[in-house]
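Structure assessment
Here's the letter readout for the chains.
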Amino acid sequence: GTKVSQFGSISVIRFNDDYRFKKELLLNPDFSAAQGWLISNDSLFDSNSGTVLTSVSTPVTQSIKVSPGQRYKNTVMARCHNSKTQGRVQVNWHDSKGEFIRPDIQVFDCSTNWDEITMDVIAPDNVATATVFATGHTNMPLIFKSVSFKQ
């Protein structure tokens, strides 16, 4: 852990995320297989390279059970395809009836390198499931190498 601050004899220590977020909740977060992922026809899934080409109109998603108030770490590894564009780290929260509660979205600019983008989220009170995305923010596609959702 890392010492954050000191109050007299009390030290506040922040644990490294490796200790806090250990359990991967997604199937095939590395896109080595399509199982678990909902892939629209236009999305280009390549199990050989373990990548998926996606845009805002062709998102790739996976829905999982989650717990209210639980902290999760949503991490994506992505890069530009042919041109500069933006991607999203996105999770949509739903209640037990499948009703949409809200999204948590972080927009990022892609680059020619594989960039890792992370978003920490806390599940809403009445949540039952989370839909985790590999998606662009525009109609210009970008490539994802992994999408992780850890508890």
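Here's a quick rundown of the structure. Bear in mind the structure is a predicted one, so any value in this text is a computation, not a measurement.

Observations concerning the packing of aromatic side chains
Here the structure, examined in full by the defined rule, presents 5 aromatic pairs. Geometrically, the ring pair formed by Phe-31 and Trp-37 is tilted, given 4.9 Å between the ring centres and 40 degrees between the ring planes. Between Tyr-72 and Phe-149 the ring centres are 5.0 Å apart and the planes differ by 20 degrees, which places this aromatic pair in the stacked class. Of this pair, Tyr-72 sits in strand S7 (residues 71-80) while Phe-149 sits in strand S12 (residues 142-150), and the two are 77 residues apart along the sequence. Tyr-72 gets classed as buried once you look at its relative accessible area, which sits at 0%. In this structure Phe-149 comes out as buried when scored by relative accessible area, which is 0%. One aromatic cluster is present, built from ring pairs that chain together Tyr-72, Trp-93 and Phe-149.

What counts, and where the lines are drawn
Residues numbered from 1 in each chain as written. Predicted model: local features only at pLDDT ≥ 70, side-chain atom pairs only at ≥ 80, totals over all residues. Heavy atoms only, no water. Phe/Tyr/Trp six-rings, centres within 6.5 Å; stacked < 30°, edge-to-face > 60°. Helix = DSSP H or I, 4+ residues; strand = E, 2+ residues; numbered from the N terminus. Buried < 20%, exposed > 50% of the residue type's maximum accessible area, 1.4 Å probe, protein only.

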